Each structure stands twice: as structure tokens, then as C-alpha cells.
Amino acid sequence: MSMIEFKNVEKYYGDFHALKNVNLSIDAGETVVLIGPSGSGKSTLIRTINGLEEIQEGQLIVNGYDLHDPKTDINRIRKNVGMVFQHFNLYNNKSTLENIMLAPRLVLKRDEAENKKVAMELLDKVGLADKADSMPSALSGGQKQRVAIARSLAMKPKALLFDEPTSALDPEMIGDVLDVMKDIASDSDMTMLVVTHEMNFAKQVADRVIFMDAGEILEDSTTEKFFTNPDDPRAKQFLSQVERH
Amino acid sequence: MIILSSMFSAFSADNLKYLLGGLGITILVSVVSIVLSFVIGSILGVIRYEKIPYFSRFVGLIIDIVRNLPLLLIIFFTYFALPRFGVHLSILTSAIIAMTAFESMMVAEIIRGGLKSIDFGQTEGARSTGMSNAQTMWHIILPQAYKTMIPPLISQFISLVKDTSLATAIVLPELMYRAQIVYGQDNTYMVPILLLIAAMYFVVNYGLSLLAKWFDSKLA
């Protein structure tokens, strides 16, 4: 069953055509990596999935709800579709634990004792149980991102979107974040869509790789095919450029 | 020497009691207006920040008009002009309404500026977890924005306390008005009385700025 489905989606910023006739289907439980040069529309695409960006034409169905239908309550989709941002976006006025507990309390009305238990388990899972009472300003970038992942997981989402989760991190912080993401990807029920430049991560965890350029999906292949023999010439060129380093 | 000797009679128990009563009214008008304008200003500031079609524009227009009028004009309007529309208010109520109407607009602009200074990522982070716009505003954005707004808000409130003296013009028996009554009895009282009420205003307003510093260090 498809968890996320784009049908002929068009997105404009004023005159700029940001997404061009996007067709894409991601099944429940799949781990998909989205790559492409900067400005190719990867972030725009992933942000449309939980309604942070609006689409102008086409259909976008997420967890059974049509996002383009004005009657759809966007918060019902967001409850089930978490997002992890490049710049973490932790609440600066809340402790680590409160960052994780806030949405389950307000949106899911989760029992307070249960909420705390879940939050502590998640902090433990991302290796930061000792930082429960720290404020975000006291955490390193890698720690912030792991808390942000725990915050998304606390909602027990069906799908998680990662928008360049390691791009703002110092190199030595990236590994810890990727380890947490690999752990999540190994959960066969979780649908994951990851915009990243980490090719090794893509090779290890992705079921499929999607390549975008200039607002279009140019290649949508299994991971093995994508990294050994992609069809699209621009995808080939992109790979040869990133693999040279 | 003349000033010194007149001080003794100027600062008679009756005069001091009368002036302290005036200070009480100044503080009453100030506190009520501060509380009301903080609440109303916050609501208006959030409305203007949210960019609700037409409504936010309309609120913005009202804010811009009122902010660019002299406070004294607004005081005159509430006390002298409203009765012509059948609205009769006491002097105290008129003063409070005029102060609140004016200060709410100033507060609204401070609130909007504070909200705009918060990184939009905070909003996106909260909305992406399924929190509503109102929950995001209340739990995440406003608490952070208020922190940045404390210094400008307090200086606005200090202006408010000082501006209550304008209500002298509609004979509100506040501190400034009562000072004039006291030295009206005897011209030699003028300097000591003005110095005394200057000290009173200073103590109240300096207290407010100390409060601002305390908040600042507490929240920083």
C-alpha cells in the first residue's frame, strides 16, 4: 500500500517552477533516499509531504489523505508523518525532555506518566538519556539532531521525513546521527524519505534512490541499480562528481 | 533659605497625604492600563503577525492611525467627544480607556516585532509535529518572543506612567494635577512640590526599569 503518492504534482514559487509534473509512490515501510544537486527541488518536494509547502496542481495523497483538498485537516497528516530538519528546529524555550513530550501531550493527549516513559526511552535510544534536563542551547549540533529525531519518533509516526539531517553538522557529529537513522530504517513498519548527500548512507539503508534535477524526478531506481548503472545521464554525471571525493 | 523654609510648610502632613493620594491614582491608572494594553496589544500584535486576509490589514491600519495621534487628543476624544455619541464616562474611566487605546497599539507593534524576530524554524518544528497554529504560538513562539520584548515593553510602560500626567487636562486627580493644586495655594511651594513629585515619578519608573533588568537576568 502506498504511504505517499504524488500524481502530476506542480509547485510554483511565483514564476519559478519548483516541482515539474512529479509522479512518485512510496510504499509503507520503504526507505527511500532523495538526492540531487542543490536547488533541484529535493527539499521542496519533501516539505510538500507534510504541508509545509503547498502544491498548486495535481494530487498528493499521504496516509490516505489528499493534501491538496482544502477539507483535509493538515494536522491529521502531521500526527502520522514526522519531519527532521537540517537546522533541527528544537524549541529553544524547552528542555530536551519537554521538546519530546510537548506534541504527544498536546496533540495525542498522551497520559503524562506514559508520555515521560516514552520520551525517556527514546532519549535512551538516541544515546542522550543524560541530557533530559538540558536546554537545546547546551547541546552540540549532533545531539540536537538526535533529540529532534526522538521528538519526531515520540508521535509514533507511520512515516518520517528527513530534510538534509546531517548537512549542518560538523563531520565528527554525522556518524552518530546516521547510526540513529539506520536503526530507524531497520524497523520494517517505518516509511522513511531522506534528502541527503551521504551516499554511503544511501547505499547501506535505501531500498530505492530518487534523483532530481531542476524540479523533475529524473531517475527512480533500486539502490543497487542507481549506484551501478543509472539510466539518466545527469544522474550518472552527478554520481561521478560526488564519488570523486 | 526661602526655599528651605517654604519646604517645611509645603511638605505639611496634609499636603503629603494629598499628593500620595494623587500618586495612588497615577499608579492605579498606570497598572490598569498596563495590564489591559498588554493583553489587547498582544492579541492585536498576533493578529497583525499572522497575516489573516483583510483582517490583519485592517488591524494594521487602525494601529498605524492611533499610533500617529497625540495621546492628549485621544484623551480629549474619550472624555469630551464620546458624550456627543451618547457615551458618558467618568474621568477615571476616560483616562484609562484613552491610555489603553493608545498603549495597546504601541504594545501591538512591539509584540509583532518580537514575534518576527523568532526563527521561523521554531514554527515549522512545532507545526510538523501536528501542533495547531494556536498551540505553536502559545507554547513556543510567544514565550520566546516575550523574552526579547521585555526591554522595549518596559520602556513603553515607563512612558505610560509618565503620560498619565496628561490626564491633568481632563482634571483627573492624579499626581501632576494635585501638585498644581498644592502649589496653587502658595507660589513658594512650586519648586519643592515639583521636586517632590519628580522624585515620586522617578522612584516608580526606576523601579520599573529595575524590574526589567531583573526579568532580563532571570530569563537570559
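The name recorded for chain B in an unreviewed UniProt entry is ABC transmembrane type-1 domain-containing protein, from Leuconostoc fallax. The heading Subcellular location (unreviewed entry) in the UniProt record of chain B holds the text "Cell membrane". We quote the UniProt Sequence similarities (unreviewed entry) comment for chain B here in full: "Belongs to the binding-protein-dependent transport system permease family."

Looking at an unreviewed UniProt entry, one finds chain A named ABC transporter domain-containing protein and attributed to Leuconostoc fallax. Annotation of chain A in UniProt includes, under Sequence similarities (unreviewed entry), the sentence "Belongs to the ABC transporter superfamily."

> It is not clear to me how the interface of chain A and chain B should be interpreted in this structure. Could you clarify?
Interfaces are often sized by the amount of accessible area the parts lose when they come together. On the chain B side, the residues contacting the 22 residues of chain A number 16 residues. Interface area, chain A with chain B, both sides summed: about 1600 Å², of which 52% is carbon and sulfur. When the buried area of chain A at its contact with chain B is split by residue, A:Tyr91, A:Asn93 and A:Leu106 rank highest and sum to 30% of it. For B:Glu124, the salt bridge is made with A:Arg47, and the minimal N-O distance between the two is 2.5 Å. Here chain A and chain B share 6 residue pairs in polar contact (both at pLDDT 80 or more) between them. Among the secondary structure elements, those contributing two or more residues to the side of chain A that touches chain B are α2 (74-80), β6 (81-84) and α3 (96-106) of chain A. Take the side of chain A that touches chain B: its biggest share by element is 4 residues, from α2(A). A per-class count over the side of chain A that touches chain B returns 12 nonpolar, 5 polar and 5 charged.

> How do you make sense of the pairing of strand β4 (residues 57-62) of chain A when you look at a structure like this?
Regular strands place side chains that alternate from one sheet face to the opposite one. Residues and elements named next belong to chain A. As paired elements, strand β1 (residues 2-13) and β4 share 5 bridges and run antiparallel to each other. Across the sheet, the residue bridging to Ile-4 is Val-62, located in β4. Bridge count for β4 against strand β5 (residues 65-66) is 2 bridges, and the pairing is antiparallel. Looking at the pairing, Ile-61 lines up with Asp-66 of β5. The hairpin formed by β4 and β5 contains 2 residues between the paired strands, and Asn-63 there has a positive phi angle of roughly 55°.

> Is there a simple way to explain the packing of aromatic side chains in this structure?
Each aromatic ring pair is specified by the distance between its two centres and by the angle formed by the two planes. Residue and element names in this part refer to chain B. As enumerated under the stated definition, the model contains 7 aromatic pairs over all chains in all. Note on Tyr-79 and Phe-80: the rings are 5.0 Å apart at their centroids and 65° apart in plane angle, and the pair reads as edge-to-face. Under the relative-accessibility criterion, Tyr-79 is labelled partly exposed at 24%. On the accessibility criterion, Phe-80 (45% relative accessible area) is partly exposed. For the ring pair Phe-202 and Tyr-206, a centre distance of 5.2 Å and an interplane angle of 10° mean the geometry is stacked. Placement of both Phe-202 and Tyr-206 in helix α9 (residues 190-219) is noted, with a separation of 4 residues, approximately one turn of the helix. Taking relative accessible area as the criterion, Tyr-206 reaches 40% and is therefore assigned partly exposed.

> Looking at this model, I keep getting lost on the nonpolar core. Mind explaining?
Note on soluble globular proteins: their nonpolar side chains tend to be buried together. Among the nonpolar cores identified, the biggest contains 47 residues, and A:Ile149, A:Phe162, A:Met181, A:Ile184 and A:Met192 are the most heavily contacted of them. Once residues within four sequence positions are removed from consideration, A:Met192 is found in contact with A:Glu30, A:Thr31, A:Val32, A:Leu160, A:Phe162, A:Met181, A:Ile184 and A:Ala185. In this structure, A:Val107, B:Met106, B:Ile118 and B:Ile170 belong to the second largest nonpolar core, which totals 46 residues.

> Where do I start with the pattern of salt bridges in this structure?
Pairs can form between side chains of opposite charge whenever their charged atoms are close. Residues and elements named next belong to chain A. Overall, the coordinates contain 15 salt bridges over all chains when judged by the stated rule. Linking Asp-176 and Arg-146 is a salt bridge whose minimum nitrogen-to-oxygen distance equals 3.9 Å. One end of the pair, Asp-176, is in helix α6 (residues 171-185); the other, Arg-146, is in helix α5 (residues 141-154), and 30 residues separate them in sequence. What makes Arg-146 buried here is its relative accessible area of 11%.

> Looking at this model, I keep getting lost on the UniProt feature "domain: ABC transmembrane type-1" (unreviewed entry) in chain B. Mind explaining?
Following the UniProt record, the feature "domain: ABC transmembrane type-1" (unreviewed entry) maps to residues 23-212 of chain B here. Helix makes up 79% of residues 23-212 of chain B and strand 0%, with an end-to-end C-alpha separation of 21 Å.

> Please explain the sheet that holds strand β8 (residues 191-195) of chain A as it appears in this structure.
Backbone-to-backbone hydrogen bonds join strands into a sheet, with any given pair of strands oriented parallel or antiparallel. Residues and elements named next belong to chain A. With mixed pairing, 6 strands are arranged side by side in an open sheet as β6-β7-β8-β3-β9-β10. Looking at strand neighbours, the two that pair on one side only are β6 and β10 (216-222), the edges of this open sheet. Taken over all neighbouring pairs, the strand axes of this sheet differ in orientation by 15° on average, direction set aside. One ladder, built from 4 bridges, connects strand β3 (residues 31-35) with strand β9 (residues 208-213); its direction is parallel. Its bridge partner lying in β9, Ile-35 is registered against Phe-211. The strands that helix α1 (residues 42-49) touches are β3, β6, β7 (159-163), β8, β9 and β10; relative to β7, the one it contacts most, it runs at about 150°. Relative to the sheet, α5 contacts β6 and β7, its axis offset from that of β6 by approximately 175°.

The rules behind these values
- Residues numbered from 1 in each chain as written.
- Chains lettered and ligands numbered in written order.
- Predicted model: local features only at pLDDT ≥ 70, side-chain atom pairs only at ≥ 80, totals over all residues.
- Heavy atoms only, no water.
- UniProt positions renumbered as here; feature names shortened; annotations may be inferred.
- Contact = heavy atoms within 4.5 Å.
- Buried area = accessible area lost by both parts, 1.4 Å probe.
- Salt bridge = Lys/Arg side-chain N within 4 Å of Asp/Glu carboxyl O.
- Polar contact = N/O pair within 3.5 Å; in protein donor to acceptor, adjacent residues only side chain to side chain.
- Helix = DSSP H or I, 4+ residues; strand = E, 2+ residues; numbered from the N terminus.
- Nonpolar A, V, L, I, M, F, W, Y, C, P; charged D, E, K, R; others polar.
- Pairing = 2+ DSSP bridges.
- Phe/Tyr/Trp six-rings, centres within 6.5 Å; stacked < 30°, edge-to-face > 60°.
- Buried < 20%, exposed > 50% of the residue type's maximum accessible area, 1.4 Å probe, protein only.
- Core = buried A, V, L, I, M, F, W, Y, C linked by side-chain atoms within 4.5 Å.
- Axes fitted to C-alpha atoms, helices over the stretch in contact; angles between N-to-C directions.

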